[in-house]
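Structural overview for review
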Amino acid sequence: MKAGWETVIGLEIHSQLATRSKIFSGAATAYGAEPNTQACLVDLGYPGVLPVLNEEVVHMATMFGLAVDATVAPRSVFARKNYFYPDLPKGYQISQFELPIVEHGELYISDAEGKQKRIGITRAHLEEDAGKSIHEGLEQNSGIDLNRAGTPLLEIVSEPDLSSAQEAVAYMRKIHTIVRYLGISDGNMQEGSFRCDANVSVRPVGQEALGTRTEIKNLNSFRFVEKAINFEIERQIEHLEDGGKVVQETRLYDSDKDETRPMRSKEEANDYRYFPDPDLLPVEISAEYIESVRQQLPELPVAKQRRFVDDYGLKPDDADLLTSSRALADFFEAAASATDAKTQLVANWVIGDLSGALNRDGLDIADSKVSASELAGLLTRIHDNTISGKIAKQVFEAMWDGEGTADAVIEAKGLKQITDSSAIEAVVDEVIAANPGQVAEYKAGKDKLIGFFVGQVMQATKGQANPGQVNQILKAKLGS
Amino acid sequence: MSLSKDQVQHIAMLARLKLNEDEYAESVEKLSRIVDFVDQLSQADTAGVIPMAHPLDTAQRLRPDVVNETNERDTYQQNAAAVSDGLYLVPKVIE
Amino acid sequence: MSAAKLEMHAQSMSELAACLDRGDFTSVELTRTLLDRIAKLDEKLNAFITVTAEPALAAAARADKARAAGDGGMLNGLPVVHKDIFCTRGVKTTCGSKMLNNFISPYDATVVEKMADAGAVVLGKSNMDEFAMGSSNETSFFGPVRNPWDLARSPGGSSGGSAAAVAARLSPAATGTDTGGSIRQPAAMTGTVGIKPTYGRISRYGMIAFASSLDQAGIISRTAEDAARLLGVMAGFDERDSTSIDRPVPDYLGGLNESIKGLRVGVVRQHFDAGLDQACGDRVKEAIAVLESLGATTVEVDLPNLDLSVPTYYVVAPAECSSNLSRFDGVRFGHRAENAKDLLDLYCRSRGEGFGDEVKRRIMTGTYVLSAGYYDAYYLKAQQVRHLIADDFKQAFAAVDVIVGPTAPSPAFKLGDKMDDPITMYLNDIYTIGANLAGLPAMSIPCGFVDGLPVGLHMVAAHFGEEALLRCSHQYQQATDWHTACPEDFK
Ligand SMILES: [Mg+2]
Ligand SMILES: [Zn+2]
């Protein structure tokens, strides 16, 4: 970013809640159904029908509120946001306005210098999603599919505490991790279950007042969030430096062109005429209810990370990586509990070889070809010196390729480590005998040559000799 | 207080109502009378009074998260003027 | 027997139930008689938008069969009419509007379902002010309804079709809805009984919404006893309506015969001021004297914010209606303009063509009071005043069991008389609107005539005080016979 400017960003994240039925009706929320086959009379806004609130959305919002140290409102109110749009069947969206269900939360991200930075969460409110407009293949028409109408959303609004696209992404990832930990959203961004609007403004360094902001709508990947915000920052700065003014408007990110442009349909200044929905009564949540939800809350990433450092003695960064998803953390813990190998070794393998293999094959941890107990079996063989760490990598690849457990692979390929000192001594003798010149140089003081001898022994044993023993025996025989 | 034609046009636009010239004239006149009439409210002393959105003082009842609706698309779409392949049709929307 | 047959249409529901039980006639005979009457007489009244002859006869036949088998609910084989605001499956449901002229409901309103389950025979759907917005039945797309007592006059509104049909003996009872007086005012103007129960007592599911925090379904009948019978069927919790109240339904019929000795009746000072027609006021005072003679004690009560109830209502109701009626956009149901050139044109013309003047006026009023810069001054203010009005009632009910007064400021007015000035039309509901704002049960019963036109006595009770209203009305009707009067041409 250009020197002399700073950026202020706030995010509004829409997270679809993973309920079976819709927020105000008994229609299914499953993704991918034929158009309008999951749109019941309530979702269609038929005359005379009425909304009834799904208890699970209240539960999920409460969980989220507790997870971000927010206040869960004892009383919250649904309001109507009035505007006409074809994907909005009633001509209003049921949302929360003045009294949202969650307020005053926070979480921490790492900023550019690696320091912890607090990001405030202004509020999180419940609302219904709209339907979908389809523009392709219908000539002069658009087609409306209302299957998604009435799907529950939790809209999570941050304070304008984010100062760069990177921070925005880090924050969004944190929220993404939390909702998936809680099991309240599948977080599937391709299907639109997790998306955000970014409010972006810039101002000269030192200026108190906020600059005019623009809102970039419907960003549905972390990459797009970063690119769209960076584009928008540059655009605004360039425009201001040229003596122009930023216009407060809604913009759309075009990923093909990597640019943002004003949204045509939102040009007309809207007046949403919010007012309390007379079909719905205030939602009341008791302190006892909140307490019972708190009791059942799963361990959250921050606590888990701390525990991984304290209990397993992991490096904080590794603990951070391992707790980035609940499934990964669970995998690590399952593996660690099934072996006597050092926990840091388990961590290294989960973060290193295992994650590498998953990435390479584009697999999710849930679909790993090597299970946690199988990995533990491999690590146990490193721990008890059956194989070296280097051989273990070979064994792991074979396991990944479906050749069986660690023990089966070691057995089949004869990879067992040689720990019999007489056998190692015999090889050492051969190596010393075969390299008189190097022996002389070593004895003359060229200590570094020890590596050469180790290498020769390992080569002769196909890597199966115990490296520690090799070192020890060599040094003794070379008499230094 | 009298409403201007501009105001009435703005309201009609927000409400998505097309009015002809006569209707505009009548609306300006009648809406102005209605607004004058409800302006009486300004005389009421409501300092500290909690707004009442609802006649009964009860809380929202919750519904279990159960799917109990089935696909009735064909029945429901019989009331629609324009559908194609299960989609409701509207003139092309440009974003 | 044959005498009973001749008089079928003149009987109350309770009398009809007894006749059916005795076998004086069958439900099919009764239904046919009333359908014939409708065919012959309704062209004078225009009380019906749709007559459902075939399904009615089929339902009557089923009811007769059930009765023969010793089965059947509280309304078995008894004819009713539904206001055309209640969604009825497979039947046109218009809400009095061009917007829904071709709308066939794919589902039944809870009220419709409950009455059908109790064995009711639905003769048809009654005419009404468009989307229930009106007090004269002149805003209907299907033309005005005429008052059986004087065809040049309005039957009141918005449930004018239901009231006219019951008054003219085309049906013993009908459903109605009441947002600001739409059951009670037409009941008063047609000499019938009208009850609007406590908000939340009857499910609103399937009742096309006008103003959701005020709308309540109710009944128009000829006797309080019939109202009690119908209310027992219609009332009750409905999981499809978040605002319906989960509370047992009392035995309304069972409580009717208790005396009203010691009943504390409040008479509102403000009800008898300059706004009230003198002769109407006299009838109401005579009715109060009857209640006293039956043992009730009267107390003067104050409703200091009564004057503000109409302006409050004309902010709250339009605000809610402007939002409720946004769903009528020509896309999924309802009138759709031809050859729209773009989306905006489709919306504006579908709605501009589909809605009548009064509906458009209220949508615009509501849009205005909710819009940026006006919300606090109008909508929020009105909600505060609404609270004051509700508190006035609360205070009054600390001292009395029911509040009585006139239902409307005058008897039925001439068609066309009030159409030019919305404000004078709105003021017709001055005595009834308060009950809607506060969510209270209220009732109107006939209490005499002025120049050959019926006058209504209005009663309001505290929340869930329907039993007191019904008992008081029934006892009054045992002592008087205003409710048996029948307009000359419809005997
Ligand atoms: Mg938003
Ligand atoms: Zn939102």
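The coordinates are above.
Described in the following lines is the structure provided in the data block. (Residues numbered from 1 in each chain as written. Chains lettered and ligands numbered in written order. Predicted model: local features only at pLDDT ≥ 70, side-chain atom pairs only at ≥ 80, totals over all residues. Heavy atoms only, no water.)

1. Here's the deal with the sheet that holds strand β15 (residues 259–262) of chain A
Residue and element names in this part refer to chain A. For clarity, the cut-off: In short, DSSP must find at least two bridges between two strands for them to pair. The secondary structure listing takes helices from DSSP runs of H or I that are at least 4 residues long and strands from runs of E that are at least 2 residues long, numbered from the N terminus. Pairs of residues are marked as contacts when any of their non-hydrogen atoms sit within 4.5 Å. Axis definition: a line fitted to C-alpha atoms, limited for helices to the stretch in contact. Angles are taken between N-to-C directions and run from 0 to 180 degrees.
Here we have nine strands laid out as an open sheet, ordered β3-β7-β8-β11-β1-β12-β13-β14-β15, and mixed in their pairing. Bordering the open sheet on either side are β3 (71–72) and β15, each of which pairs with just one other strand. As paired elements, strand β12 (residues 194–204) and strand β13 (residues 214–219) share four bridges and run antiparallel to each other. Residue pairing in the sheet places asparagine 199 in a bridge with glutamate 215 of β13. Docked against the sheet, helix α2 (residues 55–67) engages β3, β7 (102–110), β8 (116–128) and β11 (152–158), running at close to 20° with respect to β11.

2. Brief notes about the coordination of the magnesium ion (ligand 1)
Residue and element names in this part refer to chain A. This is how it is decided: For Na, K and Ca the donor cut-off is 3.2 Å, while for other metals it is 2.8 Å, and in both cases only N, O and S atoms qualify; water is not among them, so sites may look incomplete. Only protein chains enter the area calculation, which uses a 1.4 Å probe; residues under 20% of their type maximum are buried, those over 50% are exposed, and those in between are partly exposed.
Taken together, Glu12 (OE) and Glu155 (OE) make up the full set of protein donors to the magnesium ion (ligand 1), lying 2.5 to 2.6 Å away. Separating the magnesium ion (ligand 1) from the zinc ion (ligand 2) is a distance of 3.8 Å, and glutamate 155 supplies a donor atom to each of them. Of this pair, glutamate 12 sits in strand β1 (residues 5–16) while glutamate 155 sits in strand β11, and the two are 143 residues apart along the sequence. For glutamate 12, a relative accessible area of 17% translates into the label buried.

3. Details of the environment of serine 422 of chain A
Residues and elements named next belong to chain A. Quick note on the threshold: Within 3.5 Å is the distance limit for a polar contact, defined as a pair of N or O atoms, with the added protein rule that one can donate a hydrogen and the other accept it, and that residues adjacent in sequence qualify only through two side-chain atoms.
Within the secondary structure layout, serine 422 lies in helix α13 (residues 421–434). Here the alpha-carbon distance between serine 422 and isoleucine 473, two residues 51 residues apart in the chain, equals 9.8 Å. Here the side chain of serine 422 touches aspartate 420 through a polar contact of 2.8 Å, side chain to side chain.

4. As for the coordination of the zinc ion (ligand 2)
Protein ligation of the zinc ion (ligand 2) involves His14 of chain A (NE2), Glu127 of chain A (OE) and Glu155 of chain A (OE), the donor distances falling in the range 2.0 to 2.1 Å. In primary sequence terms, the donor set of the zinc ion (ligand 2) follows H-x112-E-x27-E.

5. Focus: the interface of chain C and chain B
Quick reminder of the rule: Using a 1.4 Å probe, buried area is obtained as the accessible area two parts lose upon being combined, added over both of them. Only one rule defines a salt bridge in this text: a Lys or Arg side-chain nitrogen within 4 Å of an Asp or Glu carboxyl oxygen. Polarity classes work like this: nonpolar for Ala, Val, Leu, Ile, Met, Phe, Trp, Tyr, Cys and Pro, charged for Asp, Glu, Lys and Arg, and polar for all others, with Gly in that last group.
Between chain C and chain B, the contact holds 70 residues from the first and 52 residues from the second. Summing the contributions of chain C and of chain B, the shared interface buries around 5,200 Å²; its carbon and sulfur component is 68%. On the surface where chain C and chain B come into contact, there are three salt bridges. On inspection of chain C and its partner chain B, the count reaches 20 residue pairs in polar contact (both at pLDDT 80 or more). Taken together, the elements giving at least two residues each to the side of chain C that touches chain B come down to α10 (309–324), α11 (343–354), α12 (357–370), α13 (375–397), α14 (422–427) and α15 (433–438) of chain C. If you tally residues by element for the side of chain C that touches chain B, the top one is α13 of chain C, at eleven residues. Partitioned by chemical class, the residues of the side of chain C that touches chain B number 37 nonpolar, 17 polar and 16 charged.

On their own, these measurements won't tell you what the molecule is for.
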